[in-house]
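Spelled out from the first residue to the last, the chains are:
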Amino acid sequence: MSENNQNIFSNLSKYNNRIALYENDRLSYTYKDILKFGNEFSFLKKEKSLAVILCDNTFETVSAYVNLIRYNQTVFLLNNQLEEIFFLKIIKKYNPKYLFLSKNFKINLIKNFYKIKKRFKHNLFCELKKNKNYKIYKKLSLLLMTSGSTGSPQTVRISNQNLKSNTEAICNYFKINMKDRVITTLPMNYTLGLSIINTHLNKGASITLTNHTLVQKEFWNLLNKNKITTFTGVPFTFEILKRILPEKKYFSNLKYITQAGGKLNPILVKYFENLFSKNKIKFYIMYGQTEATARMSILNYKKVSKNLESIGNVIKGGKFFIIDDKKKLIKKNNTIGELVYRGKNVSLGYADNFLDLNKRDENCGVLKTGDISYKDKNNLFFIVGRKKRFIKINGVRINLESVEDIFKQQNLECACKGEDDKLEIYVIKQQFSEKIFKNTLKKLNIRSTNVRLYKINKMPRNQSGKIIYKNLTNNNV
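Since we're looking at a predicted model, the values are computed, not measured.

Novice: Help me understand the nonpolar core, please; the structure alone is not making it clear to me.
Specialist: Burial of nonpolar side chains together is a common tendency in soluble globular proteins. If you look at the biggest cluster of nonpolar residues, it comprises 43 residues, and the most contacted ones within it are L21, F41, I53, Y65, L77, L142 and L201. Top element by residues in this core is helix 2 (residues 59-70). It accounts for seven residues. Not counting the four nearest positions on each side in its chain, L201 is found in contact with F9, L12, Y15, A20, L21, Y31, I34, V62, V66 and I207.

Novice: Hey, could you run me through helix 10 (residues 434-444) in this one?
Specialist: For helix 10, the full list of buried residues reads F437, T440 and L441. Down the axis of helix 10, the smallest arc covering the buried residues is 100°, so these residues share one side. In helix 10, the exposed positions that point more than 90 degrees away from the buried face belong to K435, K438, K442 and K443. Buried residues along helix 10 sit against helix 9 (400-409), strand 25 (422-428) and strand 26 (451-456).

Novice: Hey, could you run me through the sheet that holds strand 19 (residues 349-351) in this one?
Specialist: Strand pairing in a sheet is mediated by backbone hydrogen bonds. Such pairs are either parallel or antiparallel. Ordered in space as 6-7-5-3-4-8-9-19, the eight strands form an open sheet in which the pairing is mixed. Edge positions in the sheet fall to strand 6 (114-119) and strand 19, since each has one partner strand and no second. Sheet twist, expressed as the average angle between the axes of neighbouring strands with direction ignored, equals 30°. With five bridges joining them, strand 8 (residues 140-145) and strand 9 (residues 155-159) adopt antiparallel strand pairing. Counted as the bridge partner of L140 is S159 from strand 9.

Novice: Looking at this structure, I do not really get the packing of aromatic side chains. What am I missing?
Specialist: Geometrically, a pair of aromatic rings is defined through the distance of the ring centres and the angle of the planes. Counted by the stated rule, this structure contains 38 aromatic pairs. Between Y256 and Y284, the aromatic rings sit 5.9 Å apart at their centres with planes inclined by 85°, giving edge-to-face as the arrangement. Here Y256 is found in strand 13 (residues 256-259), whereas its partner Y284 is found in strand 14 (residues 282-287), with 28 residues between them in sequence. When its relative accessible area of 7% is taken as the criterion, Y284 is described as buried. Ring geometry for F432 against F437: centres 5.6 Å apart, planes inclined by 55°, an arrangement best described as tilted. Residue class for F432 comes out buried when judged on its relative accessible area of 17%. Among the aromatic residues, those joined into a ring-pair cluster are Y29, F37, F41, F43, F59, Y98, F100, F120 and F125. In this arrangement the basic side chain of K242 is found over the ring face of Y271, its NZ or CZ atom lying 4.7 Å from the centre.

Novice: What am I meant to see in empty space enclosed by the protein here?
Specialist: Summary: where empty space remains is shown by rolling a probe the size of a single water molecule over the atoms. Within this structure, the stated rule accounts for three cavities of 30 Å³ or more. Computed from the structure, the largest cavity encloses a volume of approximately 90 Å³. If you go around the largest cavity, the residues you meet are L142, L144, I158, L163, N166, T167, T191, L194, S195, N198, T293 and A294. Tallying contributions element by element places helix 5 (residues 191-202) first for the lining of the largest cavity, with four residues. Residue composition of the lining of the largest cavity, by class: six nonpolar, six polar and no charged.

Novice: I keep staring at the environment of V403 and nothing clicks. Help me out?
Specialist: Take V403: it is sitting in helix 9. Judged by relative accessible area, which is 3%, V403 ranks as buried. Excluding residues that lie within four positions of it along the chain, V403 makes contacts with I398, C416 and L444.

Novice: Sorry, what's going on with the side chain of K375 here?
Specialist: Tracing the sequence through the fold places K375 in strand 20 (residues 366-375). Although K375 is buried, it forms no salt bridge, and the closest oppositely charged side chain is D376 at an N-O distance of 7.4 Å. At a separation of 2.8 Å, a polar atom in the side chain of K375 contacts the side chain of N333. Residues in contact with K375, not counting those within four places in the same chain, are I322, K331, N333, N334, L380 and F381.

What counts, and where the lines are drawn
- Residue indices begin from 1 for each chain and proceed along its sequence in written order.
- Given that this is a predicted model, residues contribute local features only at a pLDDT of at least 70 and side-chain atom pairs are listed and counted only at 80 or more, while totals for whole chains, interfaces and linings are drawn from all residues.
- Just so you know, side-chain values use all the structure's heavy atoms and leave hydrogens and water out.
- Throughout this description, the term nonpolar core refers to a set of buried Ala, Val, Leu, Ile, Met, Phe, Trp, Tyr and Cys residues connected via side-chain atoms within 4.5 Å.
- Partly exposed describes any residue whose relative accessible area lies between the buried limit of under 20% and the exposed limit of over 50%, with all areas from a 1.4 Å probe on protein chains only and scaled to the type maximum.
- Strands here mean DSSP runs of E at least two residues long; helices mean DSSP runs of H or I at least four residues long; both are numbered from the N terminus.
- Should any heavy atoms of two residues lie within 4.5 Å, those residues are counted as being in contact.
- Each direction from the helix axis to a C-beta atom contributes to the arc, which is the arc of those directions.
- For two strands to be treated as a pair, DSSP must find at least two bridges joining them.
- Helix axes are fitted to C-alpha atoms over the stretch in contact, other axes to C-alpha atoms as well, and angles between N-to-C directions run from 0 to 180 degrees.
- For Phe, Tyr and Trp, where Trp contributes only its six-membered ring, two rings pair if their centres lie within 6.5 Å, and the inter-plane angle classes them as stacked under 30 degrees, edge-to-face over 60, or tilted in between.
- In this scheme, the term charge over a ring applies when either NZ of a lysine or CZ of an arginine sits within 6 Å of the ring centre and within 35 degrees of the ring normal.
- Using a 1 Å grid laid over the protein atoms alone, points where a 1.4 Å probe fits but cannot get out form a cavity; open sets with protein on both sides within 12 Å along at least 5 of 7 lines form a pocket; any residue with an atom within 4 Å of a point counts as lining.
- Grid points are joined across faces, edges and corners, and a volume is the space filled by probe spheres set on the points.
- Under this grouping Gly is polar, as are all residues other than the nonpolar Ala, Val, Leu, Ile, Met, Phe, Trp, Tyr, Cys and Pro and the charged Asp, Glu, Lys and Arg.
- In this charge count, Lys and Arg are treated as positive and Asp and Glu as negative; neither His nor the chain ends contribute.
- Put simply, a salt bridge is a Lys or Arg side-chain nitrogen that is within 4 Å of an Asp or Glu carboxyl oxygen.
- Throughout this description, a polar contact denotes any pair of N or O atoms lying within 3.5 Å of each other; where both atoms belong to protein, one of them has to be capable of donating a hydrogen while the other can accept it, and for residues adjacent in sequence the pair is counted only when both atoms sit in side chains.

Dropping the structure here:
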C-alpha cells in the first residue's frame, strides 16, 4: 500500500516491534502485528468504499479500523451491542460495501446481502453481494454517531484532516510518547474513546484493551500489572469511581487522568483534584463534541482547583467565540451566549444516508456547539447549559442541568426535562427522600404545582454513561 496519502496511522512502521496493544492480561501485539493484519485487506481497491465495523475493544477490531483508515477507506464505527432493528436500518440507509463483525453476530440477518470474504480468529469480514455504486467524497475518512442523549443520534462526517488536526493537537498538549501506557475505559465507537486510540497509536504508545469496567477487580489488576500511566473518563466514570475508590496502590504509575464527555459536578471535580494531587497525579478537564472530532478545550491541572466549573482554554489551532441570539459577537466578559468553535478539526457535516457521503465540507471549519457559555477575564470558558435544555417557569428561565446538579449535591440523583411551566423530574426510587426533594424545590424557588415527579428503578444511559432523556418513562407517582 502506498502511504503517499498521509494519515494518522501512516507512521506506524517506525514503531515496528514495540508493543502496541495488550488484550486484557493474556496477549500482547506489536505495531508490526497490526500492519501484518492489514495485509489481509490488500485486495482493497484505490477507490473509496464504505466499511462498517461493529466495535469491540480487541486487537482484531482496532487493527481492522487502523488498516482500513490506512487504505483510505471510509469507516463507519458502530456499537457491537446495537439492537438488530437499528443495525439493519443503518445497513439499509448506507449500503456499506464491507462489514467487519464478530463471529457471534447473527449472520443470518445479512446472509441474503453479504458474503463472507475473510475469516479471522474472532471476526468476519463480509462483502456486499451486489455492489450498489455510489460516490464517496475523497476526503471522507470516518463516520461516527453522536451520543444522542437528548434526541436521536446523528451521523457525523469526519475527514482525514479533521483526524490529523485533533490528534496532533492532543498529542502535543499532553506530550504523548512511546513511554505512555493507556487503558480503555470507553468504547472505540464513541468519539472520546476513539481519540484515545488515535493519539496513543500515533505516538507509538501502548494501549491495554479491555471490556472490564471500573467496578470490576480485573480492571484495576490490569491497570496495576500493565503499569498504566493515564486513562480518561466521562462524568459517570467519576461518579462510579467515587463510590468504589480502589486502594492507592493502583495509582502508583499514573501520571495524569483526563475527564470529558459532559460537565462533571464541581463537588466531584474538587474531590478528585484533591485526591489526585495528593497522589502526584495531574487532573485535566476537557471539552469536546463528535462534531469537532473529539476535543476542543483543556483545563490545565494547575487551574482546576480555582476553576472547578471551567472547560479551560481552547486547544492549539482552534478558537472560541460567543454569540448572542442575533448571532452577533459577544466581546464582554461574563456575558452568556452560544459557544462557537473554529478549527481544522471541525467535521464536514452530517449524513443521513449513502447519498450524503459525497457531500463536501458544509461546516467550513465552524461549529455552533449548542452550548450556552461565557468567558472570564483570564479567557477561561465556562458552560452553563445546553441551548435546548432551558425552560421557563412563571417567566423565569430555568437551566435543567443546574437543577440536576443541585439535587445531586443533596445525594439525590435525578434527570430533568419538560417544557415551559411544566418541569418533569425523574428520580431513582431507592434514593428518593420526600424531605430533600421538597427542601430543594424550595431552594430553587420552584413551586410543586409546576413539577411532575416520576420515580424510576434505573436511569437510562448510553455507552458513554450519558442519560438518554428520550428514554425516560413516565411511571408517575
